[in-house]
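# Observations on chain architecture
Single-letter residue listing:
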Amino acid sequence: MNSRQLETVGYLIMKRQDIKDLLASKDFDQPVHTKGWIRGERGNAYVRFLGLNDGSSIQNIQVVADAEKFDENLRKRFNVGAAVSITGTLVESKGKGQSVEIVAEKIEILGDADAETYPIQPKAHSMEFLRENAHLRSRTTTFGAIFRLRHALSFAIHNYFNERRFYYWHSPILTASDAEGAGESFRVTNFDIDDFDAIPKIAEGENKGKIDNKEDFFGQTTNLTVSGQLEAELGALGLGRVYTFGPTFRAENSNTARHLAEFWMVEPEMAFHDLKDNMDLVEDFLKYLIKYALDNNREDIEFLDAKFVKENSQKKKTERAEMGLIEKLEFVLANDFKRITYTEAIDVLMSSKHYKKGKFQYDVKWGVDLQSEHERFLVEKHFKTPVILYNYPKDIKAFYMRQNDGEEEGKETVAAMDVLFPGIGEIVGGSQREERLDKLQARTDEMGITEELWWYLDTRKFGTVEHSGFGLGFERLILFITGMGNIRDVIPFPRTPNNLEF
Ligand code: 4AD
Ligand code: MG
């Protein structure tokens, strides 16, 4: 079909097709129309080959532009990064690596990209460089794959719960409570804090002269939520099964590859579930999500797998992962998670050669909070499979966790569970909740939060029942499934200490 014929079929009214659909099409020698960004450009004086991508697929479609059809001034603008509109004919490709290509009849530049100044060139950029250019990094193959997976897994989470009659529950973002009691909340205020003198102060009493939060917008101190759990419990204790999926905020100053100040958490909460039911659910849920990604985003994962394998081979032998990405995901699907108590884990750690040779940086003994070096030892060196650790010492866990009965003094535990994944460490934290009013109130009294949590305690006064739930760190899941090394690279705009760009 030549351009005159194309003109007569009226390409101006042709519908634009996604590149993914064109790549799968067998309608050869038909006129087609698409738009996208040039990702690669090569050729010679007679013909230019453009690799075009519109985000619908990890694959580019090749556009063949014969020099004679396009004048030199236009050809000069075929730069990587430019947005173009293409009309042409879909043909079976003779070249290797693609099955179809478009022979262009009409190319329109929608938005130029200057080859000298456009930062994203078709070459390997460092992750640090791409973080500084986070406004453009969705145009790279790697980040296209990651963000398509982020979408697919969000969708899969809703699917999973919807199919099992969990209701999507919207816990508030603005809150007065610190659900985890860790003091890591971001404060929110409507005071004009740049004008300290103008902020209302308490007039008398022992707090005289301190800021009077009663005069603030909500009439009390206000935080961004660290977890939607407490409110999700209220939902579960009426609707049966609910889940939240939303942003949560933590002002923990841990500048690590696993922590964000703003991250997304998935928190199912279920009435009539004990800790065992909770463990069964979390294992089934995580396997469902991994399988969903393998089944639905195969090309993206294959690309990330190849990248992972290549980077892994360049690492020092001692730091190398034993499995490729797909191999690791399939391994998790095929094997039961190892379930052991905290007490058993301490025994494993203390009888390890690693411990005896003094190789752990942090102390190991019953009662300590496990550090990530300990968690990773258990998962990566000892059990070599995902681990669910449960029944943690009461003193290192949150106030709402259910106290286990009949334990010797000083060795009391709560029905907590953490899921530990290879290469990640803690991916999920959860527990059975304390449903007995007296026990719960003893804890809230200790912490001085009984008054402010009156509504939470109320659910234990009226129709209280055993219930459980957990929180999955969504970015840690994406880290695991993409094989990426830094949590800043699995969320479009990471928020970490001293970093609020974009
Ligand atoms: O273990 P956490 O603190 O548990 C809770 O917040 C409970 N309220 C959950 C519940 O039972 N409903 O956090 C849960 C998970 C962690 O296992 C981790 O995956 C993730 O949230 N997480 C973070 N992810 C990224 N950056 C951070 N700063 C995170 N803190 C926790
Ligand atoms: Mg935790």
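Structure: above.
Basis of the calculations
- Residues numbered from 1 in each chain as written.
- Chains lettered and ligands numbered in written order.
- Predicted model: local features only at pLDDT ≥ 70, side-chain atom pairs only at ≥ 80, totals over all residues.
- Heavy atoms only, no water.
- Helix = DSSP H or I, 4+ residues; strand = E, 2+ residues; numbered from the N terminus.
- Buried < 20%, exposed > 50% of the residue type's maximum accessible area, 1.4 Å probe, protein only.
- Contact = heavy atoms within 4.5 Å.
- Areas by Shrake-Rupley, 256 points an atom, 1.4 Å probe, with all protein chains shown as cover.
- Pairing = 2+ DSSP bridges.
- Axes fitted to C-alpha atoms, helices over the stretch in contact; angles between N-to-C directions.
- Arc of directions from axis to C-beta.
- Salt bridge = Lys/Arg side-chain N within 4 Å of Asp/Glu carboxyl O.
- Lys, Arg positive; Asp, Glu negative; His and termini not counted.

On a plain count of helices and strands, the protein comes out with 15 helices and 16 strands. If one aligns the C-alpha atoms of the protein with their principal axes, the spans along those axes are about 85 × 60 × 45 Å. Taking all 502 residues of the protein together, the buried fraction comes to 50%. A sequence separation of at least 24 residues applies to 68% of the contacts in the protein between residues at least 6 apart. Within the structure as shown, the protein displays about 25400 Å² of accessible surface, and the carbon and sulfur contribution to it stands at 48%.

Take the pairing of strand β15 (residues 425-432) next. Counting buried positions along β15 yields six of eight residues, so the element is predominantly enclosed. Pairing of strand β14 (residues 413-421) with β15, which is carried by six bridges, proceeds in the antiparallel orientation. Bridging across to β15, Val419 finds its partner in Val428. Between the end of β14 and the start of β15, which pair antiparallel, lie three residues, with Gly423 showing a positive phi angle near 80°. Here β15 pairs with strand β16 (residues 467-473) via five bridges, running antiparallel. Paired with Ser431 across the strands is Gly469, a residue of β16.

Ordered by their spatial adjacency, eight strands build an open sheet running β6-β10-β11-β16-β15-β14-β13-β12, and the pairing between neighbours is mixed. Single-partner strands in this sheet number two, and they are β6 (167-168) and β12 (338-341). Here strand β13 (residues 387-393) runs beside β14; their pairing, made up of six bridges, is antiparallel. Along β14, the bridge assignment pairs Tyr390 with Met417. Packing of helix α5 (residues 141-163) onto the sheet brings it into contact with β6, β10 (241-249) and β11 (262-271), and relative to β10 it is tilted by some 150°.

With that settled, consider helix α13 (residues 437-447). Every buried residue belonging to α13 is among Leu440, Arg443 and Thr444, and all of these are buried. Projected down its long axis, α13 shows its buried positions confined to an angular sector of 95°, all on one face. Turned more than 90 degrees away from the buried face of α13 sit Asp438 and Glu446, all of them exposed. Among the structural elements, α14 (454-461) are those in contact with the buried residues of α13. Looking one or two residues past α13, Gly448 carries a phi angle of roughly 70°, positive in sign.

All right, on to the pattern of salt bridges then. The tally for this structure, following the rule as stated, stands at 32 salt bridges. Of the charged contacts, one joins Arg460 and Glu233 as a salt bridge, the two residues approaching to 2.8 Å between their closest N and O atoms. Here Arg460 is found in helix α14, whereas its partner Glu233 is found in helix α6 (residues 229-239), with 227 residues between them in sequence. Two residues, Lys291 and Asp295, come together in a salt bridge whose shortest N-O distance is 2.6 Å. Remark: Asp295 and Lys291 occur in helix α7 (residues 275-296); sequence separation between them is four residues, near one turn of the helix.

Another aspect to go through is the side chain of Asp216. Positionally, Asp216 belongs in the loop between β8 (187-188) and β9 (222-224). For the buried Asp216, no salt bridge exists, and the shortest N-O distance to an oppositely charged side chain is 5.6 Å, to Arg187. In this structure Asp216 touches Val188, Thr189, Asn190 and Phe191, once residues within four positions along its chain are discounted.

Geometric descriptors of this kind do not, in isolation, establish any biological role.
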